[in-house]
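Read off the chains here:
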Amino acid sequence: MSTTMIFVGLILSTILATASNSWLLAWLCLELNTLSILPFISKTKHPRAIEAATKYFLTQATASCLLLLAGTSNAWLTGTWDMTQMSNKLTSTTMLIALTMKMGTVPTHFWLPEVLQGSTLLTALLISTWQKIAPMSLLFIMSNNIQPTFTLTLGLLSTAFGGWGGMNQTQLRKMMAYSSIANMGWTVITLTHEPKASMINIFTYITLTTPTFLLMALTSTKTLQNMTTMWSTSPLATTTMALLLLSTAGLPPLTGFLPKLIIMNELVTQNLTPLATMTMMTSLLSLSFYLRTTYLTTLLNPPSSTTSATKWRQKMTKNKTMILLPTATASTFMMPALIP
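For every chain, the first residue of the written sequence is number 1, and numbering continues from 1 along that sequence. Local features in this predicted model are restricted to residues whose pLDDT is 70 or higher, and side-chain atom pairs enter the listing and the counts only when it is 80 or higher, whereas totals over whole chains, interfaces and linings include all residues. With hydrogens and water excluded, all non-hydrogen atoms of the structure serve as input to the side-chain values.

### Quick look at the overall build of the protein
A tally of helices and strands in the protein yields 16 helices and zero strands. A sequence separation of at least 24 residues applies to 77% of the contacts in the protein between residues at least 6 apart. Helix and strand definitions here come from DSSP, where helices need a minimum of 4 consecutive H or I residues and strands a minimum of 2 consecutive E residues; each element is numbered from the N-terminal end. The criterion used for residue contact is that any of the two residues' heavy atoms lie within 4.5 Å.

### A few points about the pattern of salt bridges
The rule for a salt bridge is simple: a side-chain nitrogen of Lys or Arg has to be within 4 Å of a carboxyl oxygen of Asp or Glu. Within this structure, the stated rule accounts for three salt bridges. Where Lys55 meets Glu51, a salt bridge forms, and the shortest distance between an N and an O atom there is 2.8 Å. Here Lys55 and its partner Glu51 are both found in helix α3 (residues 47-78), four residues apart, which amounts to about one turn of the helix. Exposure remark for Glu51: the relative accessible area of 41% places this residue in the partly exposed category. Here Glu114 and Lys174 are joined by a salt bridge, their closest N and O atoms 3.6 Å apart. Relative accessibility under 20% of the residue-type maximum defines a buried residue, over 50% an exposed one, and the middle range a partly exposed one, all with a 1.4 Å probe and only protein chains included.

### Regarding a nonpolar patch on the surface
Patch criteria: residues need more than 30% relative accessible area and no salt bridge. Like-charged residues are merged within 9 Å; nonpolar side chains of Val, Leu, Ile, Met, Phe, Trp and Tyr are merged within 5 Å. Computed with the Shrake-Rupley method and a 1.4 Å probe, the accessible areas treat only the protein chains shown as cover for residues. Together, Val8, Leu12, Ile15 and Leu16 line one region of the surface with nonpolar side chains, adding up to about 330 Å² of accessible area. Counting through the fold element by element, Val8 comes out in helix α1 (residues 2-19). Take Val8: its relative accessible area is 36%, and that puts it in the partly exposed class.

### So, the side chain of Thr282
Of note, Thr282 is situated in helix α14 (residues 273-298). Overall, Thr282 belongs to the buried group, its relative accessible area being 12%. One polar contact links the side chain of Thr282 to the main-chain carbonyl oxygen of Thr279, over a distance of 2.7 Å. In the analysis that follows, any N or O atom pair within 3.5 Å is treated as a polar contact, provided that within protein one partner can donate a hydrogen and the other can accept it, and provided that, for residues neighboring in sequence, both atoms belong to side chains.

### Digging into the side chain of Lys102
Within the secondary structure, Lys102 sits in helix α4 (residues 89-103). The buried charged residue Lys102 lacks any salt bridge partner; its closest oppositely charged side chain belongs to Glu31, at an N-O distance of 4.9 Å. A distance of 3.1 Å separates the side chain of Lys102 from the side chain of Gln60, its partner in a polar contact. Beyond its immediate sequence surroundings of up to four residues, Lys102 is in contact with Leu30, Thr34, Gln60, Ala63, Ser64, Trp111 and Pro135. Positive residues here are Lys and Arg, negative ones are Asp and Glu, while His and the chain termini are left out of the count.

### Points about the UniProt feature "transmembrane region" (unreviewed entry) in the protein
UniProt positions are given in the numbering used here, feature names are shortened, and annotations may be inferred rather than shown by experiment. The positions that UniProt labels "transmembrane region" (unreviewed entry) are, in the present scheme, residues 57-78, 90-112, 146-164, 199-218, 230-252 and 321-339. End-to-end, the C-alpha atoms of residues 57-78 are 31 Å apart, and along that stretch the chain is 100% helix and 0% strand. The distance separating the terminal C-alpha atoms of residues 146-164 is 27 Å; by composition the span is 89% helix and 0% strand.

### Points about the nonpolar core
What tends to happen in soluble globular proteins is that the nonpolar side chains get buried as a cluster. Residues belong to a common nonpolar core when they are buried Ala, Val, Leu, Ile, Met, Phe, Trp, Tyr or Cys residues joined through side-chain atoms within 4.5 Å. If you look at the biggest cluster of nonpolar residues, it comprises 40 residues, and the most contacted ones within it are Ile37, Ile41, Tyr56 and Ile127. With six residues, helix α9 (residues 172-189) is the single largest residue contributor to this core. In terms of domain composition, this core takes at least three residues from each of domain 1 (23-141) and domain 2 (147-304 + 316-339). With residues near it in sequence (within four places) discarded, Ile37 still touches Leu10, Tyr56, Leu126, Ile127 and Gln131. Counting 29 residues, the second largest nonpolar core, distinct from the first, contains Trp23, Met95, Leu139 and Met199. An automatic or database domain assignment provides the domain bounds reported here.

### A short note on α3
With 32 residues, α3 should cover 46 Å at 1.5 Å per step; its first-to-last C-alpha distance of 46 Å lies within 8% of that length. Positioned one or two residues after α3, Gly79 has a phi angle of 80°, which is positive. Given the number of residues in a helix, its expected span is that number minus one, multiplied by 1.5 Å.

### Focus on unusual backbone geometry
In this structure, the amide linkage connecting Val106 to the following residue, Pro107, adopts the cis form with an omega of 5°. Secondary-structure assignment places Pro107 in the loop between α4 and α5 (111-117). Cis geometry is adopted by the peptide bond preceding Pro253, which originates at Pro252 and carries an omega value of 5°. Relative to the helices and strands, Pro253 is located in the loop between α12 (235-249) and α13 (257-269). Positioned with a positive phi, Ser220 is a non-glycine residue whose angle comes to about 55°. Looking at where Ser220 falls in the secondary structure, it is placed in the loop between α10 (195-219) and α11 (224-227). Exposure remark for Ser220: the relative accessible area of 38% places this residue in the partly exposed category.

Written as C-alpha coordinates, this is what we have:
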(Lines give C-alpha, C1' and ligand atoms only; values in the text may rest on other atoms or scores of the structure.)
Protein backbone atom coordinates (compact mmCIF):
# COMPACT_ATOMS: atom_id res chain seq x y z
CA MET A 1 0.00 0.00 0.00
CA SER A 2 2.78 2.43 0.92
CA THR A 3 4.63 1.66 -2.33
CA THR A 4 1.46 2.37 -4.32
CA MET A 5 0.94 5.72 -2.57
CA ILE A 6 4.54 6.75 -3.19
CA PHE A 7 4.27 5.76 -6.85
CA VAL A 8 1.02 7.73 -7.21
CA GLY A 9 2.74 10.75 -5.64
CA LEU A 10 5.61 10.38 -8.12
CA ILE A 11 3.22 10.37 -11.08
CA LEU A 12 0.99 13.20 -9.81
CA SER A 13 3.92 15.47 -8.97
CA THR A 14 5.29 15.13 -12.49
CA ILE A 15 1.90 15.77 -14.10
CA LEU A 16 1.25 18.84 -11.92
CA ALA A 17 4.74 20.21 -12.62
CA THR A 18 4.27 19.90 -16.37
CA ALA A 19 0.80 21.48 -16.19
CA SER A 20 1.72 24.41 -13.91
CA ASN A 21 2.26 27.99 -15.11
CA SER A 22 3.70 29.34 -11.87
CA TRP A 23 7.27 28.88 -10.69
CA LEU A 24 6.10 28.51 -7.09
CA LEU A 25 3.76 25.62 -7.95
CA ALA A 26 6.43 24.04 -10.16
CA TRP A 27 8.96 24.21 -7.32
CA LEU A 28 6.50 22.60 -4.92
CA CYS A 29 5.76 19.77 -7.36
CA LEU A 30 9.45 19.14 -8.04
CA GLU A 31 10.08 18.90 -4.29
CA LEU A 32 7.26 16.34 -3.97
CA ASN A 33 8.75 14.50 -6.94
CA THR A 34 12.17 14.33 -5.25
CA LEU A 35 10.72 13.07 -1.97
CA SER A 36 8.70 10.42 -3.83
CA ILE A 37 11.69 8.86 -5.61
CA LEU A 38 13.95 8.68 -2.54
CA PRO A 39 12.25 5.59 -0.97
CA PHE A 40 12.71 3.70 -4.25
CA ILE A 41 16.45 4.48 -4.31
CA SER A 42 17.06 3.48 -0.67
CA LYS A 43 14.69 0.49 -0.69
CA THR A 44 17.44 -2.17 -0.89
CA LYS A 45 18.88 -1.15 2.53
CA HIS A 46 22.43 -1.39 1.20
CA PRO A 47 25.15 1.19 2.08
CA ARG A 48 25.61 1.95 -1.62
CA ALA A 49 21.86 2.56 -1.99
CA ILE A 50 21.80 4.87 1.03
CA GLU A 51 24.78 6.75 -0.41
CA ALA A 52 23.02 7.09 -3.76
CA ALA A 53 19.85 8.38 -2.08
CA THR A 54 21.88 10.93 -0.11
CA LYS A 55 23.70 12.17 -3.21
CA TYR A 56 20.45 12.40 -5.13
CA PHE A 57 18.74 14.33 -2.33
CA LEU A 58 21.60 16.82 -1.91
CA THR A 59 21.84 17.48 -5.65
CA GLN A 60 18.09 17.89 -6.12
CA ALA A 61 17.85 20.10 -3.01
CA THR A 62 20.58 22.37 -4.39
CA ALA A 63 18.81 22.56 -7.74
CA SER A 64 15.52 23.36 -5.99
CA CYS A 65 17.20 26.17 -4.03
CA LEU A 66 18.51 27.66 -7.27
CA LEU A 67 15.08 27.29 -8.89
CA LEU A 68 13.35 29.02 -5.98
CA LEU A 69 16.00 31.78 -6.00
CA ALA A 70 15.52 32.38 -9.72
CA GLY A 71 11.72 32.31 -9.43
CA THR A 72 11.70 34.67 -6.45
CA SER A 73 14.12 37.09 -8.14
CA ASN A 74 12.03 37.06 -11.30
CA ALA A 75 8.83 37.67 -9.30
CA TRP A 76 10.53 40.60 -7.58
CA LEU A 77 11.65 42.10 -10.90
CA THR A 78 8.47 41.49 -12.94
CA GLY A 79 5.79 41.28 -10.26
CA THR A 80 4.57 37.84 -11.36
CA TRP A 81 5.38 34.14 -10.93
CA ASP A 82 4.40 33.44 -14.54
CA MET A 83 6.86 31.11 -16.31
CA THR A 84 6.68 32.99 -19.59
CA GLN A 85 7.84 36.27 -18.01
CA MET A 86 11.57 35.50 -17.72
CA SER A 87 12.97 38.57 -19.48
CA ASN A 88 15.94 39.05 -17.13
CA LYS A 89 19.09 37.28 -18.37
CA LEU A 90 20.42 36.49 -14.88
CA THR A 91 17.21 34.86 -13.63
CA SER A 92 16.69 32.88 -16.85
CA THR A 93 20.29 31.61 -16.76
CA THR A 94 19.99 30.64 -13.07
CA MET A 95 16.75 28.81 -13.83
CA LEU A 96 18.41 26.99 -16.74
CA ILE A 97 21.27 25.83 -14.47
CA ALA A 98 18.78 24.60 -11.84
CA LEU A 99 16.72 22.60 -14.33
CA THR A 100 19.73 21.13 -16.14
CA MET A 101 21.14 20.09 -12.75
CA LYS A 102 17.95 18.13 -12.14
CA MET A 103 18.30 16.43 -15.55
CA GLY A 104 22.04 15.73 -15.25
CA THR A 105 23.86 17.76 -17.89
CA VAL A 106 27.38 19.19 -17.87
CA PRO A 107 28.72 20.76 -15.68
CA THR A 108 26.30 19.47 -12.99
CA HIS A 109 26.34 15.85 -14.13
CA PHE A 110 28.63 14.16 -11.60
CA TRP A 111 25.80 12.85 -9.42
CA LEU A 112 24.06 10.83 -12.13
CA PRO A 113 26.53 7.91 -12.65
CA GLU A 114 26.96 7.39 -8.91
CA VAL A 115 23.24 7.48 -8.18
CA LEU A 116 22.39 5.02 -10.98
CA GLN A 117 25.17 2.66 -9.88
CA GLY A 118 23.79 2.60 -6.34
CA SER A 119 20.19 1.98 -7.44
CA THR A 120 18.41 -1.08 -8.74
CA LEU A 121 17.86 -1.40 -12.49
CA LEU A 122 14.18 -0.47 -12.29
CA THR A 123 14.91 2.54 -10.08
CA ALA A 124 17.66 3.58 -12.50
CA LEU A 125 15.04 3.35 -15.24
CA LEU A 126 12.81 5.80 -13.35
CA ILE A 127 15.66 8.25 -12.78
CA SER A 128 16.81 8.07 -16.40
CA THR A 129 13.36 8.51 -17.94
CA TRP A 130 10.43 9.64 -15.82
CA GLN A 131 12.43 12.06 -13.65
CA LYS A 132 13.50 14.05 -16.73
CA ILE A 133 9.98 14.79 -17.97
CA ALA A 134 9.12 17.59 -15.50
CA PRO A 135 12.39 19.60 -15.82
CA MET A 136 12.33 19.24 -19.60
CA SER A 137 8.73 20.48 -19.75
CA LEU A 138 9.68 23.56 -17.73
CA LEU A 139 12.62 24.22 -20.02
CA PHE A 140 10.29 23.94 -23.00
CA ILE A 141 8.00 26.60 -21.52
CA MET A 142 10.84 29.10 -20.92
CA SER A 143 12.80 28.25 -24.08
CA ASN A 144 12.09 31.67 -25.66
CA ASN A 145 13.87 33.46 -22.80
CA ILE A 146 17.05 31.33 -22.60
CA GLN A 147 20.36 32.60 -23.93
CA PRO A 148 21.20 30.57 -27.10
CA THR A 149 24.97 30.69 -26.55
CA PHE A 150 24.59 29.14 -23.12
CA THR A 151 22.44 26.24 -24.32
CA LEU A 152 24.74 25.54 -27.28
CA THR A 153 27.76 25.41 -24.97
CA LEU A 154 26.02 23.13 -22.46
CA GLY A 155 24.83 20.83 -25.23
CA LEU A 156 28.23 20.46 -26.87
CA LEU A 157 30.00 19.85 -23.55
CA SER A 158 27.38 17.29 -22.50
CA THR A 159 27.72 15.28 -25.71
CA ALA A 160 31.52 15.33 -25.37
CA PHE A 161 31.68 14.42 -21.66
CA GLY A 162 28.97 11.79 -22.05
CA GLY A 163 30.95 10.10 -24.81
CA TRP A 164 34.30 10.25 -23.01
CA GLY A 165 32.87 9.08 -19.69
CA GLY A 166 31.09 6.07 -21.13
CA MET A 167 34.09 4.70 -23.03
CA ASN A 168 35.90 3.41 -19.95
CA GLN A 169 32.93 1.88 -18.11
CA THR A 170 32.37 -1.80 -17.38
CA GLN A 171 29.21 -1.27 -15.31
CA LEU A 172 26.14 -1.00 -17.53
CA ARG A 173 24.30 1.37 -15.21
CA LYS A 174 27.18 3.85 -15.30
CA MET A 175 27.41 3.45 -19.05
CA MET A 176 23.70 4.23 -19.37
CA ALA A 177 24.20 7.24 -17.11
CA TYR A 178 26.83 8.70 -19.43
CA SER A 179 24.57 7.83 -22.34
CA SER A 180 21.87 9.90 -20.63
CA ILE A 181 24.28 12.82 -20.25
CA ALA A 182 25.13 12.70 -23.95
CA ASN A 183 21.47 12.51 -24.96
CA MET A 184 20.62 15.43 -22.69
CA GLY A 185 23.29 17.35 -24.57
CA TRP A 186 21.50 16.63 -27.85
CA THR A 187 18.27 17.81 -26.22
CA VAL A 188 19.65 21.08 -24.83
CA ILE A 189 21.70 22.08 -27.87
CA THR A 190 18.66 22.96 -29.98
CA LEU A 191 16.37 24.08 -27.15
CA THR A 192 16.29 27.77 -28.06
CA HIS A 193 16.20 27.37 -31.85
CA GLU A 194 13.71 24.50 -32.21
CA PRO A 195 12.15 23.38 -28.89
CA LYS A 196 9.97 20.80 -30.65
CA ALA A 197 13.08 18.97 -31.87
CA SER A 198 14.30 18.85 -28.27
CA MET A 199 11.02 17.31 -27.14
CA ILE A 200 11.20 14.74 -29.95
CA ASN A 201 14.72 13.83 -28.83
CA ILE A 202 13.88 13.44 -25.13
CA PHE A 203 10.80 11.28 -25.74
CA THR A 204 12.69 9.18 -28.29
CA TYR A 205 15.41 8.69 -25.67
CA ILE A 206 12.79 7.59 -23.13
CA THR A 207 11.34 5.15 -25.67
CA LEU A 208 14.81 3.70 -26.27
CA THR A 209 15.95 3.55 -22.66
CA THR A 210 12.84 1.88 -21.23
CA PRO A 211 13.17 -1.49 -23.04
CA THR A 212 16.96 -1.43 -22.54
CA PHE A 213 16.66 -1.28 -18.76
CA LEU A 214 13.77 -3.77 -18.79
CA LEU A 215 15.90 -6.26 -20.72
CA MET A 216 18.76 -5.79 -18.26
CA ALA A 217 16.39 -6.41 -15.36
CA LEU A 218 14.78 -9.47 -16.97
CA THR A 219 18.16 -11.07 -17.73
CA SER A 220 19.95 -9.92 -14.53
CA THR A 221 22.60 -8.17 -16.60
CA LYS A 222 24.62 -5.47 -14.82
CA THR A 223 28.15 -5.60 -16.26
CA LEU A 224 29.85 -6.06 -19.61
CA GLN A 225 30.92 -9.52 -18.47
CA ASN A 226 27.26 -10.45 -17.99
CA MET A 227 26.56 -9.32 -21.55
CA THR A 228 28.76 -12.11 -22.91
CA THR A 229 26.46 -14.75 -21.35
CA MET A 230 23.19 -12.97 -22.04
CA TRP A 231 22.45 -15.39 -24.90
CA SER A 232 22.04 -18.21 -22.36
CA THR A 233 19.03 -16.41 -20.86
CA SER A 234 17.27 -15.62 -24.12
CA PRO A 235 18.65 -15.44 -27.68
CA LEU A 236 15.74 -13.18 -28.64
CA ALA A 237 16.57 -10.80 -25.79
CA THR A 238 20.18 -10.71 -26.98
CA THR A 239 19.15 -9.71 -30.50
CA THR A 240 16.72 -7.10 -29.19
CA MET A 241 19.38 -5.63 -26.89
CA ALA A 242 21.81 -5.31 -29.79
CA LEU A 243 19.21 -3.47 -31.88
CA LEU A 244 18.34 -1.18 -28.97
CA LEU A 245 21.99 -0.26 -28.41
CA LEU A 246 22.52 0.48 -32.09
CA SER A 247 19.32 2.54 -32.13
CA THR A 248 20.47 4.55 -29.11
CA ALA A 249 23.77 5.14 -30.89
CA GLY A 250 21.83 6.77 -33.72
CA LEU A 251 22.48 4.40 -36.60
CA PRO A 252 19.98 4.49 -39.50
CA PRO A 253 17.39 3.19 -40.20
CA LEU A 254 16.64 2.73 -36.50
CA THR A 255 14.54 5.12 -34.42
CA GLY A 256 17.46 6.80 -32.63
CA PHE A 257 18.74 8.28 -35.89
CA LEU A 258 15.62 10.41 -36.42
CA PRO A 259 16.03 13.05 -33.64
CA LYS A 260 19.73 13.44 -34.40
CA LEU A 261 18.91 14.04 -38.06
CA ILE A 262 16.32 16.69 -37.12
CA ILE A 263 18.72 18.44 -34.74
CA MET A 264 21.56 18.45 -37.25
CA ASN A 265 19.24 19.87 -39.90
CA GLU A 266 18.15 22.64 -37.52
CA LEU A 267 21.74 23.56 -36.60
CA VAL A 268 22.73 23.77 -40.27
CA THR A 269 19.62 25.86 -40.98
CA GLN A 270 20.71 28.31 -38.25
CA ASN A 271 24.17 28.65 -39.92
CA LEU A 272 25.81 26.67 -37.13
CA THR A 273 27.50 24.11 -39.39
CA PRO A 274 30.82 24.07 -37.41
CA LEU A 275 28.89 23.34 -34.21
CA ALA A 276 26.89 20.63 -35.98
CA THR A 277 30.13 19.06 -37.20
CA MET A 278 31.66 19.08 -33.70
CA THR A 279 28.49 17.57 -32.24
CA MET A 280 28.56 14.75 -34.78
CA MET A 281 32.23 14.13 -33.98
CA THR A 282 31.46 13.83 -30.26
CA SER A 283 28.63 11.39 -31.04
CA LEU A 284 31.28 9.03 -32.43
CA LEU A 285 32.58 8.67 -28.87
CA SER A 286 29.20 7.35 -27.75
CA LEU A 287 29.02 5.15 -30.83
CA SER A 288 32.31 3.46 -29.86
CA PHE A 289 31.08 2.12 -26.50
CA TYR A 290 27.69 1.21 -27.94
CA LEU A 291 29.42 -0.86 -30.63
CA ARG A 292 31.69 -2.44 -28.01
CA THR A 293 28.68 -3.50 -25.95
CA THR A 294 26.88 -4.81 -29.05
CA TYR A 295 29.98 -6.82 -29.97
CA LEU A 296 30.12 -8.38 -26.50
CA THR A 297 26.40 -9.17 -26.65
CA THR A 298 26.14 -10.84 -30.05
CA LEU A 299 29.57 -11.67 -31.51
CA LEU A 300 31.62 -12.92 -28.58
CA ASN A 301 31.51 -16.48 -27.26
CA PRO A 302 31.83 -16.71 -23.47
CA PRO A 303 34.45 -18.95 -21.87
CA SER A 304 33.25 -22.51 -21.37
CA SER A 305 35.25 -23.28 -18.23
CA THR A 306 33.58 -25.07 -15.36
CA THR A 307 34.33 -22.22 -12.95
CA SER A 308 32.26 -19.65 -14.84
CA ALA A 309 28.68 -19.32 -13.64
CA THR A 310 26.25 -19.39 -16.55
CA LYS A 311 22.61 -18.39 -16.40
CA TRP A 312 20.12 -20.44 -18.32
CA ARG A 313 16.73 -19.47 -19.72
CA GLN A 314 14.92 -17.69 -16.95
CA LYS A 315 11.14 -17.65 -17.16
CA MET A 316 9.73 -14.52 -18.77
CA THR A 317 6.48 -13.51 -17.05
CA LYS A 318 3.53 -12.38 -19.15
CA ASN A 319 3.24 -8.93 -17.56
CA LYS A 320 6.89 -8.03 -18.15
CA THR A 321 6.73 -9.30 -21.72
CA MET A 322 3.64 -7.18 -22.42
CA ILE A 323 5.54 -4.05 -21.33
CA LEU A 324 8.75 -4.97 -23.11
CA LEU A 325 7.49 -5.98 -26.55
CA PRO A 326 5.76 -2.74 -27.65
CA THR A 327 8.53 -0.49 -26.32
CA ALA A 328 11.27 -2.58 -27.92
CA THR A 329 9.42 -2.63 -31.24
CA ALA A 330 8.88 1.13 -31.18
CA SER A 331 12.53 1.69 -30.30
CA THR A 332 13.90 -0.11 -33.33
CA PHE A 333 11.64 0.29 -36.33
CA MET A 334 9.67 3.46 -35.73
CA MET A 335 11.78 5.74 -37.92
CA PRO A 336 10.16 5.04 -41.33
CA ALA A 337 6.75 5.88 -39.83
CA LEU A 338 7.99 9.17 -38.32
CA ILE A 339 9.74 10.67 -41.33
CA PRO A 340 7.36 13.10 -43.06
